[in-house]
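As a plain string of letters, each chain reads:
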Amino acid sequence: MSVQMTGDRYSLLRHIAAIGISVYDTILYLDIHDCPEARSYLENKYEEYCEAIAKYEEKFGPINIKGHPCEDVVWAWQIV
């Protein structure tokens, strides 16, 4: 089975990847530095990341075989 990669689909996947890199880099930064501004930035970018994935899945179907578990992720610094 072949998947057609349209310009809109490709553009949305690139957007998801770019936001994902921002989220991942911020997570690495927070592993070393406890910074309220970085936490706020992460919350905003992670919300944007989940929204972009939801938009992709609404338009094109699951991003992977099980879909994306945005709400199931708990970061180490969120555990009290």
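Structure's up top.
Residues numbered from 1 in each chain as written. Predicted model: local features only at pLDDT ≥ 70, side-chain atom pairs only at ≥ 80, totals over all residues. Heavy atoms only, no water.

Caption draft 1: Up close: the overall build of the protein chain. Each helix and strand in the protein chain was counted, giving two helices and zero strands. Here the protein chain, with 80 residues, has 28% of them falling under the buried criterion. By sequence separation, contacts in the protein chain at least 24 residues apart represent 56% of the contacts at least 6 residues apart. Roughly 6100 Å² of accessible area belongs to the protein chain as shown, and the carbon and sulfur atoms make up 55% of that amount. (Helix = DSSP H or I, 4+ residues; strand = E, 2+ residues; numbered from the N terminus. Buried < 20%, exposed > 50% of the residue type's maximum accessible area, 1.4 Å probe, protein only. Contact = heavy atoms within 4.5 Å. Areas by Shrake-Rupley, 256 points an atom, 1.4 Å probe, with all protein chains shown as cover.)

Caption draft 2: The pattern of salt bridges, seen in detail. As enumerated under the stated definition, the model contains three salt bridges in all. In this structure, D8 engages K59 in a salt bridge whose closest nitrogen and oxygen atoms are separated by 2.2 Å. Placement of the pair is D8 in helix α1 (residues 7-32) and K59 in helix α2 (residues 36-60), with a sequence separation of 51 residues. In this structure, R39 and D34 form a salt bridge, with 2.9 Å as the shortest nitrogen-oxygen distance. On the accessibility criterion, R39 (31% relative accessible area) is partly exposed. (Salt bridge = Lys/Arg side-chain N within 4 Å of Asp/Glu carboxyl O.)

Caption draft 3: Spotlight on the packing of aromatic side chains. In this structure the tally under the stated criterion is two aromatic pairs. Here Y56 and F60 contribute two aromatic rings whose centre-to-centre distance is 5.2 Å and whose plane-to-plane angle is 45°, an arrangement assigned as tilted. Highlighted residues: Y56 and F60, both in helix α2, separated by four residues, approximately one helical turn. Owing to a relative accessible area of 4%, Y56 belongs among the buried residues under this scheme. The partly exposed category is assigned to F60, whose relative accessible area is 24%. (Phe/Tyr/Trp six-rings, centres within 6.5 Å; stacked < 30°, edge-to-face > 60°.)

Caption draft 4: Highlighting the nonpolar core. In this structure, I16, I19, V23, L42, Y46 and Y49 are the most contacted members of the largest nonpolar core, which totals 15 residues. When residues in this core are grouped by element, the largest group, eight residues, is from α2. (Core = buried A, V, L, I, M, F, W, Y, C linked by side-chain atoms within 4.5 Å.)

Caption draft 5: A look at the packing of α1 against α2. Close contact between α1 and α2 brings their axes to 9 Å; oriented N to C, the two are set at 155°. Between α1 and α2, the crossing angle belongs to the class labelled roughly antiparallel. Classified by chirality, the crossing of α2 by α1 is left-handed. In the contact of α1 with α2, the residues fall into 17 nonpolar, four polar and seven charged. (Axes fitted to C-alpha atoms, helices over the stretch in contact; angles between N-to-C directions. Parallel < 35°, antiparallel > 145°, perpendicular 65-115°, else oblique. Left-handed = near helix turned anticlockwise from the far one by under 90°. Nonpolar A, V, L, I, M, F, W, Y, C, P; charged D, E, K, R; others polar.)

By themselves, these are just geometric observations and shouldn't be taken as functional.
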